[in-house]
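Below are the chains, spelled out letter by letter.
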Amino acid sequence: QVQLVESGGGLVQPGGSLRLSCTATGFTFSNHAMRWHRQAPGKERELVAGIGSAGGSTIYADSVKGRFTISRDNAKNTVYLQMNSLKPEDTAVYYCNALRIDGRGTVNDYWGQGTQVTVSS
């Protein structure tokens, strides 16, 4: 059974930091790209950061560049999102996502349940 379980969300003051974790089970974590998305109330879900299966390539939304860092530990089947200098506009539910498209075009697209991040004084 595929599971992605996020943790680490919570309430933090502006300028603070949080580290989100997402632990995967039920599939081969090391051959999936991993991404973090977020969805704020009344807004569409957006891609925040992504990392390749081996961890060598990363992408970030412009709004979080220089503040957020995505990383992964394939030995622990876990992906992380270090969030620094948090702003109120970072408030959202953050979702972990695993993605793989094989040579035949078969798509694996797995999602976690989300973890709430609230940035407020």
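In this text the structure is predicted, and so the values were computed from the model without any measurement. (Residues numbered from 1 in each chain as written. Predicted model: local features only at pLDDT ≥ 70, side-chain atom pairs only at ≥ 80, totals over all residues. Heavy atoms only, no water.)

Now for the packing of aromatic side chains. With the rule as written, the count across this model stands at 1 aromatic pair. Plain terms: the ring middles of Phe27 and Tyr110 are 4.9 Å apart, the flat faces sit at 45° to each other, and that makes the pair tilted. Here Phe27, found in the loop between strand E3 (18-25) and strand E4 (33-39), pairs with Tyr110, found in strand E10 (residues 107-111); they are 83 residues apart in sequence, far enough to count as distant. With a relative accessible area of 21%, Tyr110 lands in the partly exposed category. The ring of Phe29 carries Arg72 above its face, with NZ or CZ at 4.4 Å from the centroid. (Phe/Tyr/Trp six-rings, centres within 6.5 Å; stacked < 30°, edge-to-face > 60°. Helix = DSSP H or I, 4+ residues; strand = E, 2+ residues; numbered from the N terminus. Buried < 20%, exposed > 50% of the residue type's maximum accessible area, 1.4 Å probe, protein only. Lys NZ or Arg CZ within 6 Å of the ring centre and 35° of its normal.)

Below, the discussion takes up the pairing of strand E11 (residues 115-119). Of the two faces of E11, the one holding Thr115, Val117 and Val119 is buried and the one holding Gln116 and Thr118 is not buried anywhere. The sheet contact formed by strand E2 (residues 10-12) and E11 spans 3 bridges and is parallel. Within E11, the residue paired with Val12 across the bridge is Val119. (Pairing = 2+ DSSP bridges.)

Applying the stated criterion across every chain, the model contains 1 disulfide. Here Cys22 pairs with Cys96 through a disulfide, and the sulfurs are 2.1 Å apart. Between Cys22 and Cys96 the disulfide shows an S-S torsion of about -80°. By sign, it is left-handed. Here Cys22, found in strand E3, pairs with Cys96, found in strand E9 (residues 92-101); they are 74 residues apart in sequence, far enough to count as distant. (Disulfide = S-S within 2.5 Å.)

With that out of the way, let us pick up the pattern of salt bridges. Once the charged atoms of two side chains with opposite charge are near each other, the side chains can pair. Taken as a whole and assessed by the stated rule, the structure comprises 4 salt bridges. The salt bridge involving Lys65 is made with Asp62; its shortest N-O contact spans 3.1 Å. For Asp62, a relative accessible area of 64% corresponds to the exposed category. Put simply, Arg67 and Asp90 hold a salt bridge, and the shortest N to O gap is 2.8 Å. Pair noted here: Arg67 is in the loop between strand E6 (58-60) and strand E7 (68-73) and Asp90 is in the loop between strand E8 (78-83) and E9, with a separation of 23 residues, a long-range link. Assigned by exposure class, Arg67 and Asp90 land together as buried. (Salt bridge = Lys/Arg side-chain N within 4 Å of Asp/Glu carboxyl O.)

Here we take up the nonpolar core. Residues Trp36, Val79, Leu81, Met83 and Tyr94 are the most contacted members of the largest nonpolar core, which totals 28 residues. Breaking this core down by element, the ones donating at least two residues are E3, E4, strand E5 (46-51), E7, E8, E9 and E11. (Core = buried A, V, L, I, M, F, W, Y, C linked by side-chain atoms within 4.5 Å.)

Further remarks concern the pairing of E5. Each regular strand shows side chains that alternate between the opposite faces of the sheet. Bridging between E4 and E5 involves 5 bridges; their strand directions are antiparallel. Residue pairing for E5: Trp36 is matched across the bridge by Ala49. Here E4 folds back onto E5, and the loop between the two strands holds 6 residues, one of which, Gly42, carries a positive phi near 80°. Sheet topology places E5 next to E6; 3 bridges connect them, and they run antiparallel. Each bridged residue has a counterpart across the sheet, and for Ile51 the counterpart in E6 is Thr58. Counting the residues between successive antiparallel strands, the hairpin from E5 to E6 contains 6 residues, one of them, Gly55, with a positive phi of roughly 85°.

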